[in-house]
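A closer look at the structure
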Amino acid sequence: MAGIRVTKVDWQRLRNGAAHHTQEYPCPELVVRRGQSFSLTLELSRDLDCEETLIFTVETGPRASEALHTKAVFQTSELDGGEGWTAAKEAQMENTLTVRLTSPPSAVIGRYVLSIRLSSHRKHSNRRLGEFVLLFNPWCAEDDVFLASEEERQEYVLNDSGIIFRGVEKHIRAQGWNYGQFEEDILKICLSILDRSPGHQDNPATDVSCRHDPIYVTRVISAMVNSNNDQGVVQGQWRGRYGGGTSPLHWRGSVAILQKWFKGRHKPVKYGQCWVFAGVMCTVLRCLGIATRVVSNFNSAHDTDQNLSVDKYVDFFGRTLEDLTEDSMWNFHVWNESWFARQDLGPSYNGWQVLDATPQEESKGVFRCGPASVTAIREGDIHLAHDGPFVFAEVNADYITWLWHEDESRERVYSDTKKIGRCISTKAVGSDSRVDITGLYKYPEGSRKERQVYSKAVKRLFSLEASGRRTQIRRAGRRCLWHDDLLEPATKPSITGKFKVLEPPMLGHDLKLALCLANLTSRSQWVRVNLSGATILYTRKPVAEILHESHTIRLGPKEEKRIPIAISYSKYKEDLTEDKKILLAAMCLVTKGEKLLVEKDITLEDFITIKCAHPGAPGKNFSPI
């Protein structure tokens, strides 16, 4: 009998695509998800004899091997099942055979080559059938990325557009973003991002073998979306100057960025800021099959020394001393959450994991962040992998203000220590509305439970003994911050203050505000008020001073007074950045030596007014815009 061979392959793209929720990928090759069977039909040169066997081989990556689980060799059987790759005959009609292949739910993801060997009476026929792409599978209960809710799978895996929230705590704005994970070449680009990583360049075979693990894959993508340590996708820029590139505010989606990086031979795309990094990372992870969403944190801490506090040094006008202040509080910061199991930590920490591609601090020598379990952050278990202290501080650090004296001594100033981590937001499932998820990250601000968790986190971070010994955690010149400073609040002053906007702050108009002070005591008090104002970036980094004045007022018993403040448009127009933000500060010095710092962030509105004449008015010509 003549040897048998495969003459034609039907990958059944429509049937498999629908079953695997991959029909939207416009790839030439089949795209399927792991842990789930897919079918293909083989046309043979003749009928298959009962004694003849079909042996399949799947391989991914360079130097694929069974030891690394990047290669599998398996033959058809009558029964499904088994821990590895399996093949089963589904139907046979004359010389046409349909087989069902199933990958394990822990298979390495990526591009595979499928080959077949037909053996009959000592005759063998080998053929390379082609390539297919294997992705993570949130629909498979045995996959680490399994997500039970179909509505959430539709939103966090298949939705190719979304909303990113920006602005300030009391004025949150929604911006549309096109993730475009099903656009032309995006899947190919996402796989190439993995191949451009330093780990792959150093040891490609080992790197590919680790791609079964969503912890590993997301950590690699977190590093590769920024360009700080590698030929990553996006180059960050926070100085307000975007020459030679695109302003971060002008991007509206990930597709153009990814395509530019790929077509430009992996040259980083200029420029990005946090929401751009988060938007691109969401595209990549959804494309690879991991449920992912974009999260915005308002009043987000950047704790550079990881002491769980944001330590701000100011002068007698409340102006930030940049050379002394290492920490910062951004008006907002945007990162990602991805849903998967934490086999390294235990089932208590499964679920949403924080990932941040914005290059803020190094994690084991690389600019990346996460995955950090959201549950671990809420419970103060910051010792768990990865980057728990940094993420915990972003949402729950204490905001501490220090007045710096000329003799290089410092004095703690009363201010709102609980302003960090407000209105943590993400897009709702199935609609464009905003959902507040602050409760997933921390217990109610100022509650007994929240304070207990904060103390627990501090003790875990500094390994404090039960005696509560003083633990030095930073030296910087003559400055020295101690653990005791974090838990002892500043003395509450006998006055209160807040800024009030008298007219809506509009771009191109003068700003009119008032500082409202109130005496809490039954005695008169003199207060010296030093006012300052500056245009800022959204990271709260000052650009230029636009206000500097002092007032001395007398507050009678229980009296409230207003100090009017006016800033002309001519004063701020030259130094306003694209962020359109201004920071006001008032250092209030009470006669008894008490000090109160009041701050307010202002975002200017940009309105366009269109005046239309009556349609019948003579001499008016209207052209379409």
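See the structure above.
The structure contained in this document is the topic of the report that follows. The structure presented is a predicted model; accordingly, all values stated were derived computationally and were not measured.

1. Comments concerning the nonpolar core
- Grouped together as the largest cluster of nonpolar side chains are 93 residues, with contacts concentrated most on L187, I221, W275, V280 and Y441.
- By residue number, the principal contributor to this core is helix α8 (residues 274–288), which donates 12 residues.
- Each of domain 1 (6–135) and domain 2 (163–464) gives at least three residues to this core.
- Those residues in contact with W275 that lie beyond four places of it in its chain are I164, R166, Q175, W177, P248, L249, F332, V334 and Y538.

2. With respect to the packing of aromatic side chains
- Counted by the stated rule, this structure contains 22 aromatic pairs.
- Taking the centre distance of 6.0 Å and the plane angle of 55° together, the rings of W335 and Y441 count as tilted. Of this pair, W335 sits in strand β16 (residues 328–340) while Y441 sits in helix α11 (residues 438–441); the two residues are 106 residues apart in sequence, bridging distant segments of the chain. Here the two residues W335 and Y441 agree in accessibility, since each one is buried.
- Each residue in the set W11, F38, F56, F74, W85, Y112 and F132 is aromatic and connected to the rest through ring pairs, giving one cluster.

3. Some points on a positive patch on the surface
- On the surface, K170, K498, K500 and R562 cluster together into a patch of positive charge.
- Along the chain, the position of K500 falls in strand β27 (residues 495–501).

4. As for the pattern of salt bridges
- Under the definition given, this model contains 35 salt bridges.
- Residue R460 pairs with D381 through a salt bridge whose shortest N-O separation is 3.5 Å. Here D381 lies in the loop between α9 (374–379) and α10 (388–396) and R460 lies in helix α12 (residues 448–462), a separation of 79 residues in the sequence.
- Accessibility expressed as a relative area gives 37% for R460, which makes it partly exposed.
- Owing to a relative accessible area of 7%, D381 belongs among the buried residues under this scheme.
- Each of K312, K419, R540, E599 and D601 takes part in a single network of salt bridges with overlapping partners.

5. A short note on the sheet that holds strand β9 (residues 123–135)
- Here 9 strands make up an open sheet; going across it, the order is β1-β3-β7-β6-β5-β4-β8-β9-β2 and the pairing mixed. What marks the edges here is a single partner per strand, and that holds for β1 (6–10) and β2 (30–33). When strand polarity is set aside, the average angle formed by the axes of neighbouring strands in this sheet is 30°.
- Of the pairings in the sheet, the one linking β1 to strand β3 (residues 37–44) comprises 4 bridges and is antiparallel in character. By the bridge assignment, V9 is partnered in β3 with L42.

6. Concerning the sheet that holds strand β30 (residues 542–555)
- Strand order in the open sheet formed by 4 strands is β30-β29-β32-β33, with antiparallel pairing between adjacent strands. For this open sheet the edge positions go to β30 and β33 (595–603), each flanked by a neighbour on one side alone. Between one strand axis and the next, the sheet turns by 15° as a mean value, whatever way the strands run.
- Here strand β32 (residues 581–590) pairs with β33 via 9 bridges, running antiparallel. Residue pairing in the sheet places K581 in a bridge with T603 of β33.

Conventions used here
Each chain carries its own residue numbering, running from 1 in the written order of its sequence. Local features in this predicted model are restricted to residues whose pLDDT is 70 or higher, and side-chain atom pairs enter the listing and the counts only when it is 80 or higher, whereas totals over whole chains, interfaces and linings include all residues. For the side-chain quantities, the full set of heavy atoms in the structure was used; hydrogens and water were omitted. The definition of a nonpolar core used throughout is a set of buried Ala, Val, Leu, Ile, Met, Phe, Trp, Tyr and Cys residues joined through side-chain atoms within 4.5 Å. For every residue, the accessible area (1.4 Å probe, protein chains only) is compared with the maximum for its type, and the residue is labelled buried under 20%, exposed over 50%, or partly exposed between those bounds. A run of H or I in DSSP counts as a helix once it spans at least four residues, and a run of E counts as a strand once it spans at least two, with each numbered from the N terminus. Residue ranges for the domains trace back to a domain assignment, done automatically or taken from a database. Note on contacts: a residue pair qualifies if any of its non-hydrogen atoms lie within 4.5 Å across the two residues. Two rings from Phe, Tyr or Trp (for Trp, the six-membered ring) form a pair when their centres sit within 6.5 Å of each other. Planes less than 30 degrees apart are called stacked, planes more than 60 degrees apart edge-to-face, and all others tilted. Each patch is built from residues that are more than 30% exposed by relative accessible area and take part in no salt bridge. Like charges join if they lie within 9 Å; nonpolar side chains (Val, Leu, Ile, Met, Phe, Trp, Tyr) join within 5 Å. Every accessible area reported is derived by Shrake-Rupley at a probe size of 1.4 Å, with residue values counting cover from the shown protein chains alone. Any Lys or Arg side-chain nitrogen located within 4 Å of an Asp or Glu carboxyl oxygen qualifies as a salt bridge. Residues scored as charged are limited to Lys and Arg (positive) and Asp and Glu (negative), so that His and the chain ends carry no count. In plain terms, the charge of a residue is placed at NZ if it is Lys, CZ if Arg, CG if Asp and CD if Glu. Think of it this way: DSSP has to see at least two bridges between two strands before they count as a pair. All axes here are fitted lines through C-alpha atoms, helices being fitted over the stretch that makes contact, and every angle between N-to-C directions spans 0 to 180 degrees.

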